Amino acid sequence: MEAETKHRMEPKNGEETKILFSDMDGTLLKNDSTVSPETKRVLDRMNEAGHRLVLTSGRPLDSMLEVMETAGLFYPETLLIAYNGSLIYDCTARAPLLSWPVPLDVCRGIADAAKRLGIHYQTYTEHEIVCEREDEEIRFYRRRIHLPLILSPDPLSVLTEPPCKMHAIHLTDHARLEKLKREIEERYPDEITVQFSNDQYLEFFHKKAGKGNAILQVCRYFGIPVKNSFAAGDAPNDISMLEAAGCGIAMKNAAPLVKESADYITRYDNEHDGLADAMETLLFGGK
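Within each chain, residue numbers correspond to sequence positions counted from 1 in written order. Local features in this predicted model are restricted to residues of pLDDT 70 or higher, and side-chain atom pairs are both shown and tallied only at a pLDDT of 80 or more, whereas totals for entire chains, interfaces and linings draw on every residue. To obtain the side-chain values, all non-hydrogen atoms of the structure were used and water was disregarded.

### What to know about the pattern of salt bridges
- Within this document, salt bridges are pairs made up of a side-chain nitrogen of Lys or Arg and a carboxyl oxygen of Asp or Glu, the two lying within 4 Å of each other. One pass over the structure, following the stated rule, counts 18 salt bridges.
- Note that Arg 59 is salt-bridged to Asp 25, the shortest N-O span being 2.7 Å. Within this pair, whereas Arg 59 is found in the loop between strand E2 (52-56) and helix H3 (61-71), its partner Asp 25 is found in helix H1 (residues 24-28), the two being separated by 34 residues in sequence.
- The partner of Asp 44 in a salt bridge is Lys 40, with the nearest N and O atoms 2.8 Å apart. Here Asp 44 and its partner Lys 40 are both found in helix H2 (residues 37-48), four residues apart, which amounts to about one turn of the helix.
- Taken together, the shared-partner salt bridges connect Glu 38, Arg 41, Arg 45 and Glu 280 into one network. Strands here mean DSSP runs of E at least two residues long; helices mean DSSP runs of H or I at least four residues long; both are numbered from the N terminus.

Below, the structure is given as structure tokens:
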């Protein structure tokens, strides 16, 4: 499924429109999930110059909307890429533009394997997190993700439609998550992508989703050549979009594999306006 092309607004200075796809945690956001004044200034400058910002995240949609509302990041015709590229959302229309949910039978296989391995797993309704119990993992997760919580001995029974993703969390045993990753990849090689968003979070989403495919769809929608796109991130689930974009930007604080996939590595980390500094250099020539 592809997005229909939308008319492109040209920058006020007559240059070609550029588009920045930015991950949130560890990239655009500081560690306290806020946007610094300097980063906000550069994003406002981009918007005033006629360029575009699209946030991409493994976060659920409502969590992204909460951060954007707090930071004042709703620019004209804003699109969001949520759930690791499983949902492209039109903030103006307040409606999904494209989505690739995980089939329920695959969700069941993931849930059964996670439970057998003693790993916390969760999924999502349109507005809530759903998991078995309020354990240490869900309390850790909800420090940043402030969605309501539904508890059920069978989380999948709560769903009325296939979810955008499944999510497994283990706070201390990365090897156990690696075992779950291998098992699900072997069982559903053509149906599901299994990817770490950090050492403690393992995410499962539709094979057609992913940040890389999502940014290509958004470029098509806005009629912006992919060569005019930037993508910035810090984690393994960002690699596909760094490789798909015209210029892939890895944060100074990024994982080594992410840096290997990038065209540019920021001089500073996410706590010190690394992305803002990179965009000043790459988009505005350091002015």
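### Here we look at the side chain of Ser 36
- Positionally, Ser 36 belongs in the loop between H1 and H2.
- With a relative accessible area of 10%, Ser 36 lands in the buried category.
- Among the polar contacts made by the side chain of Ser 36, one reaches the main-chain amide nitrogen of Thr 39 at a distance of 3.1 Å.
- By the convention used here, residues are in contact when the closest approach between their heavy atoms is within 4.5 Å. Aside from chain neighbours lying at most four places away, what touches Ser 36 is Lys 30 and Asp 273. Only protein chains enter the area calculation, which uses a 1.4 Å probe; residues under 20% of their type maximum are buried, those over 50% are exposed, and those in between are partly exposed. Between N or O atoms, a polar contact is any pair within 3.5 Å; within protein, one atom must be a potential hydrogen donor and the other a potential acceptor, and residues adjacent in sequence are included only when both atoms are from side chains.

### Some thoughts on helix H10 (residues 274-282)
- Counting buried residues along H10, seven of its nine residues qualify, which places the element largely inside the surrounding structure.
- For H10, the elements touching its buried residues are strand E1 (19-23), H1, H2, strand E12 (229-233), strand E13 (247-250) and strand E14 (264-265).

### Structural notes on the sheet that holds strand E9 (residues 166-169)
- Two strands qualify as a pair provided DSSP detects at least 2 bridges between them. A sheet is described by the order of its strands in space; here six strands give the open sequence E8-E7-E6-E9-E11-E10, paired in mixed fashion. Two strands in the sheet have a free side with no partner beyond their single neighbour: strand E8 (149-151) and strand E10 (192-198). Neighbour-to-neighbour, the strand axes of the sheet open up by a mean angle of 25 degrees, direction not taken into account.
- Bridge count between strand E6 (residues 120-124) and strand E7 (residues 129-131): three bridges; the pairing is antiparallel. The residue bridging Thr 123 from the neighbouring strand is Val 130, located in E7.
- Between N-to-C directions, angles cover 0 to 180 degrees, with each direction set by a line fitted to C-alpha atoms, over the stretch in contact for helices. Helix H6 (residues 174-187) rests against E9, E10 and strand E11 (201-206) of the sheet, and its axis sits at about 165 degrees to E10.

### As for the sheet that holds E14
- The strand order across the open sheet formed by eight strands is E5-E4-E3-E2-E1-E12-E13-E14, and the pairing between neighbours is mixed. Both outer strands of the open sheet, strand E5 (95-99) and E14, are each paired with one neighbouring strand and no more.
- Sheet strands touched by helix H7 (residues 211-222): E1, E2, strand E3 (79-82), strand E4 (87-90), E5 and E12. Its angle to E1, the strand with the most contacts, is close to 155 degrees.
- Each of E1, E12, E13 and E14 touches H10; the most contacted strand, E13, lies at about 150 degrees to it.

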